[in-house]
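Chain by chain, the residues:
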Amino acid sequence: MTTTPDTITAPAPAPDADQRAFELLARCRPAWTGMTTVREVLGEDRLLLHAGPPFSDPVTIPAPVLNSLALACVFEGWADDIEEGRRMVVSGEVPVGAAQDHDIVVPLAGAVSPSMALHVVHDLGPSDTDTDTATPTGLRRVRYAVLNEGQEYALRLGTADLRIVAHHSWLNGAFAEELTAALVAVLEAGPVELYPLMSAALAEGDECHSRTLAGSRLVAARLREPASGSASPGPGLSERSTAFLDGAGAFALNLWMAAASLTLGAAEGVADATLITRAGGNGREFGVQLAGAPGRWFTAPATPPRGPVEPAHEGRRALGAVGDSAVVDVLGFGGQALEYAPAVRAALGEHLPEDAADRPARLLARPFAAGTGPGAPCASGGAGKYIGTSAARITAAGTGPMVLLGMIEETGTHGRIGGGVFDTPVSLFQEAAAG
């Protein structure tokens, strides 16, 4: 039988379970509700986190990720220099874990440490799962994301540049304080719902992963809106913070990552469901989790993304797929939303799979019914955005989601060398579906 979007089926008992999982996913309403710190969330003073599944042994951590973890040791004051930081990580003196296992997302080769600031994203939608519990704020499920670092001094690029430490001291210090004050003023009018902003960004040419220029501009504009009941803006950002925010074209990405992670996680705990709930790469392995098996990573080798290498880096090789931002693509944005982003589609060109235009229709399950969800009509009046996929659906289609990722140079010397697409292997999802 010819497989079409209308005839794709999944092995029993997945159809009923996946339908229930998709229903839960479709009710999620992610909202930016505050800021906090890693220490406050984890209650840990000596723990580092990275993207993707956990490493089986710290000696296998690739150079770019190790650089970032080592610099985090310096940032926290545990190490005097990057060499000492590397030693502390590889020896196990400083424990290292997967950020998503703690409900935190971090892009590319980045690192998470106790003193870092976090975006807080709650689900405002209804939930009746047995495992769902209220948070101390009275709101339900929550995810966290580190701050976007801008384009110059960034742990996510995986270089051993000590200037990153000074930048993070400012980013997680003065900037985070100003950002928090500005957000608190905006929140007087209520939580900042994220899907309406993402929908507007799609209408302006973003796919909400590789290109987030419109979304970042919309987020910055939202922070400048007057507080409730006031005709004037809330607490203003300093000149330095304003310049940073206006120049950080990927600032919104980390919020979109938290929103995607929160949405996918709405289905966790549905027995037998094969909906993908977590996804990411650590540079060595790419992993996913399923709704019916929360906490269990299924992994496959992380091959490098395919894409154009910048002329200055010709001949250099990219690290295997790395970053928690894969959750954006698995939800249905990024590589599954290239129809909204002609500039991204043109830049990737011949590096895209031949079926790139048709693949989303074969993989994505259903639109959101809620007007605030990502399946709601775009601000331009376009069709609703389809979201969500499952291991069963991917197995039946014979092809996996496309994940748009930055290409990080494999030795940890040159940072980002281009942008590409990671074509997730079907075998990974076949294994996961089989349990």
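Residues numbered from 1 in each chain as written. Predicted model: local features only at pLDDT ≥ 70, side-chain atom pairs only at ≥ 80, totals over all residues. Heavy atoms only, no water.

Asker: What is the right way to look at helix α6 (residues 195-203) in this model?
Answerer: Since one α-helical turn is 3.6 residues long, residues separated by three or four positions face the same way. Summarising burial for α6: 7 of the 9 residues are buried, a large majority. Inspection of α6 places Y195, L197, M198, S199, A200, A201 and L202 among the buried residues, and these make up the whole buried set. Where the residues of α6 are buried, they touch β1 (30-37), β8 (192-193), α7 (213-223), α9 (251-265) and α10 (326-331). Following α6 by one or two positions, G205 adopts a phi angle in the positive range, close to 100°. (Buried < 20%, exposed > 50% of the residue type's maximum accessible area, 1.4 Å probe, protein only. Helix = DSSP H or I, 4+ residues; strand = E, 2+ residues; numbered from the N terminus. Contact = heavy atoms within 4.5 Å.)

Asker: I keep staring at the environment of G43 and nothing clicks. Help me out?
Answerer: Secondary-structure assignment places G43 in the loop between α2 (38-42) and β2 (48-50). A residue is classified by how much of its surface remains accessible, and G43, at 63% relative accessible area, is exposed. With 71 residues separating them along the chain, G43 and P114 place their C-alpha atoms 8.6 Å apart.

Asker: Is there a simple way to explain the packing of aromatic side chains in this structure?
Answerer: Two aromatic rings are characterised by how far apart their centres lie and by the angle between their planes. The final tally for this structure, using the stated rule, is 5 aromatic pairs. Seen from their ring centres, W170 and F244 are 5.4 Å apart, and the 80° between their planes marks the pair as edge-to-face. In this pair, W170 is assigned in helix α5 (residues 163-187) and F244 in helix α8 (residues 239-247), connecting sequence segments 74 residues apart. The exposure class assigned to F244 is buried, which follows from its relative accessible area of 12%. (Phe/Tyr/Trp six-rings, centres within 6.5 Å; stacked < 30°, edge-to-face > 60°.)

Asker: I'm lost on the packing of helix α3 (residues 63-76) against helix α4 (residues 82-91) in this one. Help?
Answerer: Packed helices, taken two at a time, are described by the angle their axes make and the gap between the axes. At a minimum axis distance of 8 Å, the contact between α3 and α4 shows a crossing angle of 110°. In terms of axis orientation, α3 runs roughly perpendicular to α4. Here L66, N67, L69, A70, L71, C73 and V74 of α3 lie close against α4, whose contacting residues are I82, G85, R86, V89 and V90. Looking at the contact of α3 with α4 residue by residue, the classes come out as 9 nonpolar, 2 polar and 1 charged. (Axes fitted to C-alpha atoms, helices over the stretch in contact; angles between N-to-C directions. Parallel < 35°, antiparallel > 145°, perpendicular 65-115°, else oblique. Nonpolar A, V, L, I, M, F, W, Y, C, P; charged D, E, K, R; others polar.)

Asker: Teacher, can you tell me more about the pattern of salt bridges here?
Answerer: Two side chains that carry opposite charge are able to pair once their charged atoms sit near each other. According to the stated counting rule, one finds 22 salt bridges in the structure shown. The partner of R278 in a salt bridge is D103, and the shortest N-O contact between them spans 3.1 Å. Placement of the pair is R278 in strand β9 (residues 276-282) and D103 in the loop between β3 (96-98) and β4 (104-105), with a sequence separation of 175 residues. Between D355 and R359 there is a salt bridge, and its shortest N-O distance comes to 2.7 Å. Salt bridges here are not isolated pairs; linked through shared partners, they connect D103, R143, E268 and R278. (Salt bridge = Lys/Arg side-chain N within 4 Å of Asp/Glu carboxyl O.)

Asker: Explain the environment of A17 here, please?
Answerer: Here A17 lies in helix α1 (residues 14-26). Its relative accessible area of 8% is what places A17 among the buried residues. For the pair formed by A17 and V270, sequence separation is 253 residues and the distance between their alpha carbons is 6.7 Å. Setting aside chain neighbours within four positions, we find A17 in contact with V270, A271, D272 and A273.

Asker: For this particular structure, what's the right way to read the sheet that holds strand β5 (residues 111-112)?
Answerer: In sheet architecture, strand pairing relies on hydrogen bonds along the backbone and comes in two forms, parallel and antiparallel. Spatially, β3-β2-β5 is the arrangement adopted by the 3 strands of the open sheet, whose pairing is mixed. Among the strands making up the open sheet, the edge pair consists of β3 and β5. Both β2 and β3 contribute to a ladder of 3 bridges, which runs parallel. Of the residues in β3, the one forming a bridge with L48 is V96. Across the face of the sheet, α3 comes into contact with β2, β3 and β5 while running at roughly 155° to β2. (Pairing = 2+ DSSP bridges.)

Asker: Which parts of the structure should I look at to understand the nonpolar core?
Answerer: Side chains of a nonpolar character, in soluble globular proteins, are inclined to be buried together. Residues W32, W256, I276, F286 and F333 are the most contacted members of the largest nonpolar core, which totals 81 residues. A total of 11 residues in this core trace back to one element, the largest contributor, which is α9. Of all hydrophobic cores here, the second largest spans 43 residues; its members include L48, A70, I82 and V106. (Core = buried A, V, L, I, M, F, W, Y, C linked by side-chain atoms within 4.5 Å.)

Asker: Explain the environment of A201 here, please?
Answerer: Structurally, A201 can be placed in helix α6. Separated by 12 residues in the primary sequence, A201 and L213 have C-alpha atoms spaced 8.2 Å apart. Setting aside residues no more than four positions away along its own chain, A201 makes contact with D206, C208, A214, G215 and L218.

Asker: Could you clarify how one ought to interpret the confidence of the model for the protein in this entry?
Answerer: Fine structural detail should not be taken from predicted coordinates in areas where pLDDT scores are low. When pLDDT is averaged along the protein, the result is 89, and 87% of the positions lie at 70 or above. Scored below 50 in pLDDT, residues 129-138 shows 12 contacts in the model against residues more than four places distant or in partner chains. (pLDDT = per-residue confidence, 0-100.)

Asker: Is there a simple way to think about the sheet that holds β4 in this case?
Answerer: As summarised here, the arrangement of the 5 strands in space is β4-β7-β6-β1-β8, forming an open sheet in which the pairing is mixed. Edge strands, defined here as strands with exactly one partner in the open sheet, are β4 and β8. Pairing geometry for β4 and strand β7 (residues 142-146), over 2 bridges, is parallel. Opposite V105, over in β7, you have A145 as the bridge partner.

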